[in-house]
Amino acid sequence: MAQLVGYGVYIPRLRLAAAEIHAAWGRAGGRGEKAVVPPDEDPLTMGVKAAQAALAQAGVEGQQLNTVLAASTSTGYAEGALAAPLAYHLGAEGDVLVGDFGLSARSATAAIRAAMNALISGRGEYGLVVAAEKLIAEPGSSYELSYAGGAGALLFASQGQGGFAEIVGFAAHTSGFVGRSRREGRFHGLVDERFVMQQFLAHTQGAVERLLDTTGITREEVTHIVVQAPEGRWAARALKKLGIPPERLASTFPQVGYAGSASLLIDLAWALERSNPGDLIVAVSFGPGGSDALAVRVTKPPPGADVEAQLQRRERVSYPVYLRYLGLLGGERR
Amino acid sequence: MAEGLRGKAAIVGAGMIRFGELYDRSLEDMIEGAYLNALQSVDKGLDPQEIEAAWLGTVYPVGGNSGVVLGHATGLFEIPITRVENACATGSDAFRQACLAVASGVYDLVLVVGAEKMHDEPGGLIQRADVKKLWMGRGVTMPAFFGLRATAYMEKYGISREQIALVSVKNHKNGARYPYAHLKVECSLEDVLNASYVSYPLGLYDCCPVTDGAAALLVCSAKIAKRYTDDPVYVLGSGLATESFVRGGDLTSFPATKRAAQQAYEMAGITPEDVDVAEIHDCFSITELISYEDLGFAEPGRGARLLEEGIVELEGEKPINPSGGLLAKGHPLGATGVAQLVELYEQLRGEAGPVQVKDPEIALQHNIGIGRFATGSVGCVHILGREP
Amino acid sequence: MTAPEVWRIARENARLVGYRCTQCGWVAFPERKRVCKRCRAAPADFEEVKLKPYGQVLSYVVQHRLPAGFETPLPLAVVELADGPRVYGHLVECAPEDVEVGMEVEADLRVMYEENGARVYSYKFRPRSLEPSRGGS
Ligand SMILES: [Zn+2]
């Protein structure tokens, strides 16, 4: 299967505390914070930075990329490519396969699978997957507590290029379930969250169990698990349901919040940064259409990254400034 | 070696209108006013039929993109009219073109008008700053362009904001006495320092106002000057140069001014010491300070001494900007250079009234214009004298 | 800049590519030149340079008055890139009072403006960190 040779993230350093959102709406309490994307950043700028980190880590030049796949549900464009300009910024052009994955927060795992397929089928030596989001929730809605932004990137190489980890399994659990959805130019529609959570648990469980079944990996072997969950407490419930101890969860949710498809790659990067040879990381996505699960076997000490450093590099913003930055307070959205 | 311009062209009439927020006067009204004042200033009279060609210096296309607006404003149709645009050196370049034409012998008597309607659109130059540019000029307003020089200048020479502010204090003091000035209020050092920032380190009083205005000059061949007046003012030298900081060099000087001054001094056969009075470009306080040095009035980094020692005050040895400069008189872009020359014409003839300096023989006029999205500048210098 | 104007410098802008005059060493950026602005060589011999994505603040201002669409106070600098080109740059992730002449800064990809609904990207600058550079390309 494909080798993992680099990973990187970009977490905007601005943070908004949940307590501050609650206070603005006359509610008490609130734990954790979320990353706020400044007005002059978007999935492209964040995706490029995450990808550059992955390339630099691997010592690979942008022009060596043969495949660049990007996932995002929040570019703001109904038409307007993300993968191609991203590749161009990195130095790749010409015979470069690009693909945009969107319309579901699940799509980062689909992009990973597609990149692997491209490498396996002999499409060059390097494939890059980037997921980048700038989610904007309706002020006052429950989604506002978690919707955030950021980017993550994984750089794959074909067999024989070396690498510190490999994907050893992939399983899908697809259904007709949609759940949270959003029309162009609108906020997410509010749905029955208990219903969505049940579906979340069913789909993530379905995907992970199929992964374990098909690879023969046991629950005990899983050293880190990444669960792409739109709400803070959902991942813990999923682990309980899967019978995996809660301390195995690798999640930046308390610091970053929910960054859609990017959350999966950010959390996976965070797990990689803290992993050792022999570790096995399971990551499961969730979004409209279901879940995908993948297993990553760490074979060598992963190269150093700055995920933890970016989590620590924070600057607080106030609620009004946050609203202004996301263009929710009148004025111009940039 | 080319012959140069010295003693070939003369000014025999000069007029302007009072600068200000002239909401009730159109561009053409202003040109008309300056033109009539210039005609009426000619000692022995001048028939408009004698005017053979005209140059109009204006930046904004308020009157369209040609010189035709000057014909509409003055009735001078049928003769050649050329519109000149060269950023804030527009007016002085229009004058320069007129001088070259007269010196070449093609025309004997021509008209130069500089005019700008700044207030037909709101917001002044800041609102017109380039915002959709990459690498150059994005959000680089004029206060920023010159503020960048101020920061570099303060850093390199250890100059304080107070020292720069002395320019504003001096020029507002002069402007309060000058009949044609837009702003007629004096300001204290504290006023300058306590004003809100426009582009740090420059505050409100470090910046010229947004002003409407027009000025006009009647220029003729030196050979026939006495036909119009016994007291003509002669053009001794003219220089113009361009530069860009992207080529290198530090940010504490304007090489275009240096080059233009060098050309003008050589053509006139004089040195900076010979200059008795000058109208120099003070769109911002720092601009005047740096220009002292570029024009050779002070050593690099020592310009503030001219202010501290009173040398450039109205009563000093080398009065600079007796009109209050752009800071107080105002800076209607295309009108500015021509208005500076109008004022120096009056100074050399002893007609400058409340701002008259003592017996000047030689005067210098200077503009700096910023172009190409704040990445390039043009400098223009003229030297005038009582004798050819 | 209009879409064609941006497209003409797309490569230089996105990837920080400049062109060095082999006669005098001056580096053209972001436009591709055939004559040298410094030594006047015409035609000049230019070699392509992959610009290092960092440089130094030559001078700066803090913008307080700007047209709509800018966050103020905005620190704005003349930056001299390590390979020579001088550009204007907005400073980000830097408090106005912390800006200094001589400060080391690195390029940081940002959305610069929108033109007909399309975002146009280029680089701003932020204080250079000693951590592995993530800016530029
Ligand atoms: Zn050269």
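Counting of residues starts from 1 at the beginning of each chain's written sequence and follows it residue by residue. Chains and ligands are labelled by the order in which they are written, letters from A for the one and numbers from 1 for the other. Owing to the predicted nature of the model, reporting of local features is limited to residues with pLDDT of at least 70; listing and counting of side-chain atom pairs is limited to 80 or more, with chain, interface and lining totals taken over all residues. Values shown for side chains rest on all heavy atoms present in the structure; no hydrogens or waters enter the calculation.

**Q** What exactly am I supposed to notice about the layout of surface pockets here?
**A** One simple way to see leftover space: roll a probe sized like a water molecule over the atoms. Residue and element names in this part refer to chain A. For the second largest pocket, the calculated volume is near 780 Å³. Contributing to the lining of the second largest pocket are 27 residues, with Arg 31, Glu 231, Gly 232, Arg 233 and Phe 253 lying nearest its centre. Counting only elements with at least two residues in the lining of the second largest pocket, the list comes to α1 (18–24), β3 (33–36), α5 (193–215), α6 (234–242) and α7 (253–256). To qualify as a helix, a DSSP run of H or I must reach at least 4 residues; to qualify as a strand, a run of E must reach at least 2; elements of each kind are numbered from the N terminus. For the lining of the second largest pocket, the element with the most residues is α6, which contributes four residues. Side-chain classes are defined by residue name, with Ala, Val, Leu, Ile, Met, Phe, Trp, Tyr, Cys and Pro counting as nonpolar, Asp, Glu, Lys and Arg as charged, and the others, Gly among them, as polar. Tallied by class, the residues present in the lining of the second largest pocket amount to ten nonpolar, eight polar and nine charged. Boundaries of every domain are those given by an automatic assignment or by a domain database. Composition of the lining of the second largest pocket by domain shows at least three residues from each of domain 1 (3–163 + 304–325) and domain 2 (165–298). Using a grid of 1 Å spacing that covers the protein atoms alone, one calls a set of points a cavity when a 1.4 Å probe fits there but cannot get out, and a pocket when the set is open and has protein on both sides within 12 Å along at least five of seven lines; lining residues are those with an atom within 4 Å of a point. Grid points are joined across faces, edges and corners, and a volume is the space filled by probe spheres set on the points.

**Q** Sorry if this is basic, but what is going on with helix α3 (residues 83–90) of chain A here?
**A** Along an α-helix, residues three or four apart share an orientation, since each turn contains 3.6 residues. All names here are of chain A. When you tally the buried positions in α3, you get six out of eight residues, the bulk of the element. Here α3 has its buried residues at Ala 83, Leu 86, Ala 87, Tyr 88, His 89 and Leu 90. Of the residues trailing α3, Gly 91 is marked for its positive phi of about 110 degrees. Partly exposed describes any residue whose relative accessible area lies between the buried limit of under 20% and the exposed limit of over 50%, with all areas from a 1.4 Å probe on protein chains only and scaled to the type maximum.

**Q** Just checking my understanding: could you explain empty space enclosed by the protein for this structure?
**A** Counted by the stated rule, this structure contains seven cavities of 30 Å³ or more. Considered as a void within the structure, the largest cavity measures approximately 160 Å³ in volume. Together, 17 residues line the largest cavity, and Val 246 of chain B together with Phe 29, Pro 30, Glu 31 and Arg 86 of chain C are the ones closest to its centre. The dominant element in the lining of the largest cavity, judged by the number of residues it contributes, is strand β6 (residues 86–90) of chain C, at three residues. Looking at the lining of the largest cavity residue by residue, the class counts come to twelve nonpolar, one polar and four charged. Estimates place the volume of the second largest cavity at around 90 Å³. Lining the second largest cavity are 14 residues, with Ala 229, Ser 251, Phe 253, Gly 257 and Asp 267 of chain A sitting closest to its centre.

**Q** Looking at this model, I keep getting lost on the sheet that holds strand β12 (residues 315–316) of chain A. Mind explaining?
**A** Backbone hydrogen bonds hold the strands of a sheet together, and the pairing may be parallel or antiparallel. All names here are of chain A. Only strands joined by at least two bridges in the DSSP assignment are considered to pair. Taken in spatial order, the three strands line up as β3-β2-β12 in an open sheet, and their pairing is mixed. What marks the edges here is a single partner per strand, and that holds for β3 and β12. Looking at chain direction, strand β2 (residues 14–17) and β3 are connected through four bridges and run antiparallel. Bridging from a neighbouring strand, Leu 14 pairs with Val 36 of β3.

**Q** Is there a simple way to explain the coordination of the zinc ion in this structure?
**A** The textbook angles at a metal center are 109.5 degrees for a tetrahedron of four donors and 90 or 180 degrees for an octahedron of six. Residues and elements named next belong to chain C. Ligating atoms shown are N, O and S within 2.8 Å of the metal, or 3.2 Å for Na, K and Ca, and water is not included, meaning a site may look less than complete. The protein atoms donating to the zinc ion are Cys 21 (SG), Cys 24 (SG), Cys 36 (SG) and Cys 39 (SG), with metal-donor distances spanning 2.3 to 2.4 Å. Square planar and octahedral sites, with four and six donors, are those where opposite donors lie more than 155 degrees apart and all other angles lie between 65 and 115, tetrahedral sites have four donors with every angle between 85 and 135 degrees, and the rest are irregular. Because the angles between the four donor atoms bound to the zinc ion fall within 104 to 114 degrees, the donor set is best described as tetrahedral. Between consecutive donors of the zinc ion, the numbers of intervening residues give the motif C-x2-C-x11-C-x2-C. In this pair, Cys 21 sits in strand β1 (residues 17–21) while Cys 39 sits in the loop between β2 (27–28) and β3 (46–50), placing the two residues 18 residues apart along the sequence. Note on Cys 21: relative accessible area 1%, which makes it buried. Using a relative accessible area of 25% as the deciding quantity, one classes Cys 39 as partly exposed.

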